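# Reading the structure
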Amino acid sequence: MTVDDLQSHIEDILDVLSEDSDKEVSREELEKELRKFLEYGVPIEQAKQTLIKKFGGSVAFPSSTSERTLISDLQPNESSVNLLCRVITINPKEITVKGESRKIFYGILGDESGTIPFTAWKDFEIEKGDVMEVSNAYTREWQGMVQLNFGDRVKIEKTDEEKLPESAYEPKEFKIKDLRSGLGTVEVTARILDLNEREAEVSGETKKVFSGIIGDETGKAQFTSWHDFDLKKGDVVRISGGYIKSWKGIPQLTFDEKAVVKKLDAGKLSKEEVQTRKMPLHLLVEKRGALDVEVEGTVIEIRDGSGLIMRCPECNRVLQNDECKIHGKAKGKPDLRIKLVVDDGTGSVNGIISREITEKLLGKALEECKKIVEKSKDENVLVDEMNNMLFARRINMQGNALGDEFGTTVIVKNAQLVDVNIKEESARLSQELEGLQ
Ligand SMILES: [Zn+2]
């Protein structure tokens, strides 16, 4: 839970107490108590009510009405909402709370107005496709999206599918750049850029699964199809009825036999139109990740772990003092890499540049680099050279960007220095200005 989120809960409690309690309690005290509850894995709503009672308030949390809310009308931080919805996807997840492992569930719910990601903090025995009446669920905001939560107070009743016919919600059209985790029933028109086939076990049956990369004029995404639509690399297709999950910020369109896939004239979206998209860094950081993206910025740091490194011959992990975390002492395979931080003035990302591109940037092959390090007996000699070559220079990088708790990292597939000749640039600008006058 973020600091802001915690403060908003404390605000809620103080609100209630200020109205109907004459006991004095400080914000600090409440925060300490609330944190303690949360540490023990007590659901937030229950913790709030307990604290309100403890400090003399009556549990007059917003009285639950039985009125149904449409998913598209849900706002963040609603403490009690009622829905009629369908389970579009549901997946289990193991989390550890205070050293104890606990099974929760997450997925997407939909109604005729839209879809929403949800988390169920215990097993309510709901399955994909179930239509249910939900009361006393609560909402939160997470990464700019409203999220629905099933806590301890929630009541879930499965109901007749007819109450919410599947035809009630029409797919909505999206460009790939706008796809984000939690969207359901989307419609995407894209070119299939890469396609793989594998077999997977689904409830005891072996099934063919198709996955790969799709792209449109705004970006690229991964996809998985659980049904054989006879897709071919190079096809331009309209896929209606998929939903979006994401991995490290990279969107993934998933669809099955319920989706409608229509092949279009390949000229509708030519290969040239589906290009690598250049993105300002703040946008990439906001999205956390992206598939095959181009970024440009100034190198502001060459990080530890750059230079000549030794890898374990068995697992390829980087050795520390000739030792692999898994395989112990090992005679390492030499490799080169650059870890750097790039900033474009709007945001910054990490980059990892592998051997081939490092050789290109340095103008030196691995063998030569090895000799330089051996000769100088100084491990930092290569890193110094990388600094001379790259620090404060403008670099253009292409690759997949992955987001995690440490930020966004571009796994660089291609990179080149961009020469910004300031004199030439200013001459060009002043010429343009003259032309305007
Ligand atoms: Zn190893």
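All right, on to the overall build of the chain then. A count of helices and strands for the chain gives eight helices and 22 strands. Its C-alpha atoms put the chain at 75 × 70 × 60 Å along the principal axes. Counting every position in the chain, which comprises 437 residues, the buried fraction comes to 43%. Contacts in the chain between residues at least 24 apart in sequence constitute 61% of all its contacts with a sequence separation of at least 6. Summed over its atoms, the accessible surface of the chain is roughly 24500 Å², and 46% of this surface lies on carbon and sulfur atoms. Positive and negative side-chain charges in the chain, numbering 65 and 81 respectively, have mean positions lying 5 Å apart.

This paragraph deals with the pattern of salt bridges. Charged atoms that come close allow side chains of opposite charge to pair. The full count for this structure, using the stated rule, is 21 salt bridges. The closest approach of N and O atoms between Arg27 and Glu11, which form a salt bridge, is 2.6 Å. Of the two residues, Arg27 sits in helix α2 (residues 27-39) while Glu11 sits in helix α1 (residues 3-20), which places them 16 residues apart along the sequence. Relative accessible area serves as the criterion here: at 36%, Glu11 is assigned to the partly exposed category. Among the charged side chains, a network of salt bridges with common partners joins Lys278, Glu296 and Arg394.

All right, on to empty space enclosed by the protein then. By the definition in use, this model includes two cavities of 30 Å³ or more. For the largest cavity, the calculated volume is near 40 Å³. Lining the largest cavity, in full, are Pro43, Glu45, Asn136, Tyr138, Gly151, Asp152, Arg153 and Val154. Its residues assigned to classes, the lining of the largest cavity comprises three nonpolar, two polar and three charged. For the second largest cavity, the calculated volume is near 40 Å³. What lines the second largest cavity is simply Glu173, Phe174, Lys175, Thr189 and Asp216.

Let us now look at the coordination of the zinc ion. Around the zinc ion, the protein contributes the donor atoms Cys312 (SG), Cys315 (SG), Cys324 (SG) and His327 (ND1), at 2.1 to 2.3 Å from the metal centre. Coordination at the zinc ion is tetrahedral: its four donor atoms span angles of 103 to 115 degrees at the metal. On the primary sequence, the residues serving as donors to the zinc ion are separated as C-x2-C-x8-C-x2-H. Since its relative accessible area comes to 27%, Cys315 is described here as partly exposed.

This part takes up the layout of surface pockets. Gaps left between atoms show up when a probe the size of a water molecule is rolled over them. In this structure, the second largest pocket occupies an estimated 650 Å³ of space. Leu308, Ile309, Met310, Leu319 and Glu379 are, among the 20 residues lining the second largest pocket, the residues nearest its centre. Those elements that provide at least two residues to the lining of the second largest pocket are β16 (307-311) and α6 (366-376). Class assignment for the residues of the lining of the second largest pocket results in seven nonpolar, six polar and seven charged.

Before going further, it helps to examine the packing of helix α5 (residues 355-362) against helix α7 (residues 381-390). The contact between α5 and α7 brings their axes to 11 Å, and the two run at 65 degrees. The handedness of the crossing between α5 and α7 is left-handed. Counted together, Thr358, Leu361 and Leu362 of α5 and Leu382, Glu385, Met386 and Met389 of α7 form the full contact between these two elements. The residue makeup of the contact of α5 with α7, split by class, is five nonpolar, one polar and one charged.

This part covers the confidence of the model for the chain. Of all residues in the chain, 91% have pLDDT values of 70 or greater, and the mean over the chain is 87. Confidence drops under pLDDT 50 across residues 60-64; counting only partners more than four residues distant or on other chains, this segment forms 11 contacts.

Quick look at unusual backbone geometry now. One non-glycine residue, Asp230, lies in the positive phi region at around 55 degrees. With respect to the secondary-structure elements, Asp230 resides in the loop between β10 (219-225) and β11 (236-247). Look at Arg288: it is not a glycine, yet its phi comes out positive at around 75 degrees. Relative to the elements of secondary structure, Arg288 occurs in the loop between α4 (281-287) and β15 (290-302). Accessibility expressed as a relative area gives 25% for Arg288, which makes it partly exposed.

Applying the stated criterion across every chain, the model contains four aromatic pairs. Ring geometry for Phe124 against Phe150: centres 6.0 Å apart, planes inclined by 85 degrees, an arrangement best described as edge-to-face. Of this pair, Phe124 sits in the loop between β3 (114-120) and β4 (131-142) while Phe150 is found in strand β5 (residues 145-150), placing the two residues 26 residues apart along the sequence. Here the aromatic cluster, defined as three or more aromatic residues joined through ring pairs, consists of Phe118, Phe124 and Phe150. Above the face of the Tyr106 ring, Lys93 is positioned so that its terminal group lies 5.8 Å from the ring centre.

Mapped onto the secondary structure, Thr218 falls in the loop between β9 (205-216) and β10. A C-alpha to C-alpha distance of 6.6 Å links Thr218 and Arg277, two positions 59 residues apart in sequence. Those residues in contact with Thr218, other than ones at most four positions away along the chain, are Lys175, Ile176, Lys177 and Arg277. There is a polar contact of 3.0 Å between the side chain of Thr218 and the backbone nitrogen of Lys177.

Among all positions in helix α3 (residues 44-54), only Ile44, Glu45, Ala47, Lys48, Gln49, Leu51 and Ile52 are buried. Remark: Gly56 follows α3 within two positions and exhibits a positive phi of approximately 90 degrees.

Thresholds, definitions, all that
- Residues numbered from 1 in each chain as written.
- Predicted model: local features only at pLDDT ≥ 70, side-chain atom pairs only at ≥ 80, totals over all residues.
- Heavy atoms only, no water.
- Helix = DSSP H or I, 4+ residues; strand = E, 2+ residues; numbered from the N terminus.
- Buried < 20%, exposed > 50% of the residue type's maximum accessible area, 1.4 Å probe, protein only.
- Contact = heavy atoms within 4.5 Å.
- Areas by Shrake-Rupley, 256 points an atom, 1.4 Å probe, with all protein chains shown as cover.
- Lys, Arg positive; Asp, Glu negative; His and termini not counted.
- Charge placed at Lys NZ, Arg CZ, Asp CG, Glu CD.
- Salt bridge = Lys/Arg side-chain N within 4 Å of Asp/Glu carboxyl O.
- 1 Å grid on protein atoms, 1.4 Å probe; cavity = no way out; pocket = protein on both sides within 12 Å on 5 of 7 lines; lining within 4 Å.
- Points joined across faces, edges and corners; volume = space filled by probe spheres on them.
- Nonpolar A, V, L, I, M, F, W, Y, C, P; charged D, E, K, R; others polar.
- Donors = N, O, S within 2.8 Å, 3.2 Å for Na, K, Ca; no water.
- Tetrahedral: all angles 85-135°; square planar, octahedral: opposite > 155°, others 65-115°.
- Axes fitted to C-alpha atoms, helices over the stretch in contact; angles between N-to-C directions.
- Left-handed = near helix turned anticlockwise from the far one by under 90°.
- pLDDT = per-residue confidence, 0-100.
- Phe/Tyr/Trp six-rings, centres within 6.5 Å; stacked < 30°, edge-to-face > 60°.
- Lys NZ or Arg CZ within 6 Å of the ring centre and 35° of its normal.
- Polar contact = N/O pair within 3.5 Å; in protein donor to acceptor, adjacent residues only side chain to side chain.

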